[in-house]
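# Examining the three-dimensional arrangement
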Amino acid sequence: MAKPAQGAKYRGSIHDFPGFDPSQDAEALYTAMKGFGSDKEAILELITSRSNRQRQEICQSYKSLYGKDLIADLKYELTGKFERLIVGLMRPLPYCDAKEIKDAISGIGTDEKCLIEILASRTNEQIHQLVAAYKDAYERDLEADVIGDTSGHFQKMLVVLLQGTREEDDVVSEDLVQQDVQDLYEAGELKWGTDEAQFIYILGSRSKQHLRLVFDEYLKTTGKPIEASIRGELSGDFEKLMLAVVKCIRSTPEYFAERLFKAMKGLGTRDNTLIRIMVSRSELDMLDIREIFRTKYEKSLYSMIKNDTSGDYKKALLKLCGGDDDAAGQFFPEAAQVAYQMWELSAVARVELRGTVRPVDNFNPDADAKALRKAMKGLGTDEDTIIDIITHRSNAQRQQIRQIFKSHFGRDLMADLKSEISGDLARLILGLMMPPAHYDAKQLKKAMEGAGTDEKALIEILATRTNAEIRAICKAYKEDYHKSLEDALSSDTSGHFKRILISLATGNREEAGEDRDQAREDAQEIADTPSGDKTSLETRFTTILCTRSYPHLRRVFQEFVKMTNYDVEHTIKKEMSGDVRDVFVAIVQSVKNKPLFFADKLYKSMKGAGTDEKTLTRIMVSRSEIDLLNIRREFIEKYDKSLHQAIEGDTSGDFLKALLAVCGGED
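Bear in mind that the values here come from a model prediction, so they are computed numbers and not experimental data. (Residues numbered from 1 in each chain as written. Predicted model: local features only at pLDDT ≥ 70, side-chain atom pairs only at ≥ 80, totals over all residues. Heavy atoms only, no water.)

Scanning the entire structure with this criterion turns up 16 aromatic pairs. Chaining the aromatic ring pairs together yields one cluster made of Y30, Y62 and Y66. Above the ring of Y138, the side-chain terminus of K102 is found at 5.5 Å from the ring centroid. One residue, R373, lies across the ring of F409, its end atom 5.9 Å from the ring centre. (Phe/Tyr/Trp six-rings, centres within 6.5 Å; stacked < 30°, edge-to-face > 60°. Lys NZ or Arg CZ within 6 Å of the ring centre and 35° of its normal.)

Take a look at the structure:
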């Protein structure tokens with residue numbers, strides 16, 4: 001069993017089996033595989049209940065007793081994913097890693113994700129053991145094989161990691177931290193092109209403690225996280241490797257929690273990834289991975305494995321997982337501490353919000369107006385010109401074009417566009433042509449007119465806009481529809497949901513920073529509400545969620561976790577229902593991470609059969625000049641594919657062209 005560092009607490013899920021007898025276990029396995037068929041239940045129960053060290057002793061006893069190789073017999077008796085998992089558990093960890101890497105670089109093509117995962121996450125000692133195991137098992141040099149199968153900067157960084165020479169000194173020089181921040185900044189953001197060698201040297205050799213401080217200082221100095229610079233400056237497998245290194249420096253368990261989630265989400269399961277991680281981390285940090293998984297994805301690793309796998313394979317994976325953390329939405333205490341730390345980070349992080357559409361240089365509204373007129377004159381319409389001009393001008397510039405168009409031609413540009421284009425493209429282009437407040441006002445009006453109400457649209461807009469944006473929307477609504485937004489909401493909604501929306505529509509959220517004492521009181525007020533007292537809970541949540549500032553609410557959520565071992569979002573989902581639950585969850589998610597909230601909405605609008613074009617269009621239009629670049633980053637981070645790719649796979653024609661132009665690039 002892997003020994004924890006001196007004084008450190010063991011965080012694996014698999015322990016030495018008490019009263020261990022390797023000969024007795026060898027006999028039990030022999031009996032389970034003897035005769036016709038095999039007793040898979042007995043095999044999985046025994047092997048998943050022994051530590052790796054004990055399994056090696058069983059292998060030796062088996063050979064002594066029966067003159068046979070236990071792994072060879074297991075391979076013969078078992079099949080498929082279950083066989084791969086059990087055989088993986090029987091190998092010493094360095095040999096297991098060596099086998100994974102050999103498989104990744106053998107044959108046609110290379111499994112770069114496997115190489116990245118193993119080499120970015122292992123300690124110096126684990127790397128040295130891996131290199132020795134590879135040499136012993138295959139009589140080949142691992143570095144030479146990696147060089148033969150990879151190329152470029154990706155290859156160079158892999159070779160650096162294979163040396164296993166990362167500094168391990170916990171004493172950090174502040175001067176060197178500042179120097180590394182400056183060197184990384186000059187190698188990327190400040191340089192025409194990128195000096196990849198600096199990224200490789202610093203990220204490949206400095207200690208974890210040193211690099212964590214470098215990342216903190218980099219954010220303070222540049223206004224953006226190091227991950228954003230890596231995505232902007234590097235590309236391909238090299239970019240993915242460097243991002244994995246950064247994630248493992250920040251938190252290796254969080255890196256693996258994310259890898260496990262991605263291995264099981266959506267259609268199909270990436271079983272090789274799932275097996276590799278469950279085997280390799282079961283005696284290292286599986287409890288930490290479980291905690292972070294529960295905190296980050298609002299479900300336990302156990303429940304996700306249970307729902308995503310089957311048969312003996314599932315039983316064995318669940319044994320390695322070691323327990324279910326999903327008791328009524330409650331964190332176990334260690335996970336609550338992880339959540340608390342995550343809130344601490346979010347409370348101090350300051351990420352620059354950036355749109356994808358910016359004012360064009362050398363703007364000439366006269367030329368644009370003439371070009372648009374020409375594109376719509378006569379038979380047929382030149383959609384490409386319309387898309388090119390409108391998606392590459394800021395909203396303020398589009399308003400100037402509208403005025404010039406009317407001055408030159410005595411015509412309303414919006415009316416002409418309506419008559420020339422149609423469907424999804426028309427909704428997108430006309431949305432871009434409207435001033436933001438008037439666009440939001442129109443979306444709210446459409447959500448409330450006719451039979452039925454589009455509560456999701458009401459929630460999305462009112463739960464995410466700033467005070468200034470809300471006030472501008474109210475003014476635009478009154479101008480355009482001769483009725484106050486509050487009156488419209490009163491007529492079209494009811495009960496507590498109506499009261500929440502009207503509270504949000506006042507645009508009177510506090511804008512000060514956090515008040516720690518008040519945050520504790522607010523958290524206590526929510527925590528003290530008896531379970532089942534829905535009305536009282538909804539009233540208290542309305543008072544706090546609809547009026548407190550975002551920085552203050554982050555602190556409230558943090559204090560709530562500390563007091564209760566619950567995340568506030570879980571409490572809302574457990575205690576409330578319907579539209580009230582949905583609007584409160586939207587506010588909480590927006591406070592936690594607004595770009596991620598919109599990334600989730602965009603993903604859901606394109607997931608599965610059919611596309612929700614209205615939601616897709618509304619978000620792309622409304623966020624294009626605010627934080628669409630941040631949304632793109634959150635999208636690729638969570639869903640392992642870019643927003644550009646998702647749009648490309650889910651839309652077509654001129655609508656696709658216009659959306660991609662607004663998206664602003666491939667990540």
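Before going further, it helps to examine helix 16 (residues 271-281). Taken across its 11 residues, helix 16 has 10 buried, putting it largely inside the fold. Within helix 16, the full set of buried residues consists of D271, T273, L274, I275, R276, I277, M278, V279, S280 and R281. (Buried < 20%, exposed > 50% of the residue type's maximum accessible area, 1.4 Å probe, protein only. Helix = DSSP H or I, 4+ residues; strand = E, 2+ residues; numbered from the N terminus.)

So, about the packing of helix 10 (residues 152-162) against helix 12 (residues 196-205). Their axes nearest at 10 Å, the elements helix 10 and helix 12 cross at an angle of 20°. On the basis of the axis angle, helix 10 is roughly parallel to helix 12. Relative to helix 12, the crossing made by helix 10 is right-handed. Contact residues: H153, K156, M157 and V160 in helix 10; E196, I200, L203 and G204 in helix 12. Of the residues assigned to the contact of helix 10 with helix 12, the class counts are 4 nonpolar, 2 polar and 2 charged. (Axes fitted to C-alpha atoms, helices over the stretch in contact; angles between N-to-C directions. Parallel < 35°, antiparallel > 145°, perpendicular 65-115°, else oblique. Left-handed = near helix turned anticlockwise from the far one by under 90°. Contact = heavy atoms within 4.5 Å. Nonpolar A, V, L, I, M, F, W, Y, C, P; charged D, E, K, R; others polar.)

The next point concerns the side chain of E227. Residue position: E227 is located in helix 14 (residues 226-233). At 2.7 Å, the side chain of E227 forms a polar contact with the side chain of R250. Excluding residues that lie within four positions of it along the chain, E227 makes contacts with L243, V246 and R250. (Polar contact = N/O pair within 3.5 Å; in protein donor to acceptor, adjacent residues only side chain to side chain.)

On to the environment of S207, then. Looking at the secondary structure, you find S207 in the loop between helix 12 and helix 13 (208-222). Between the alpha carbons of S207 and T165 there is a distance of 9.6 Å; along the sequence they are 42 residues apart. Ignoring any residue separated from it by four or fewer positions in sequence, one finds S207 in contact with R166, E167, E168 and D169. One polar contact links the side chain of S207 to the main-chain carbonyl oxygen of D169, over a distance of 3.5 Å.

These figures capture arrangement, not role.
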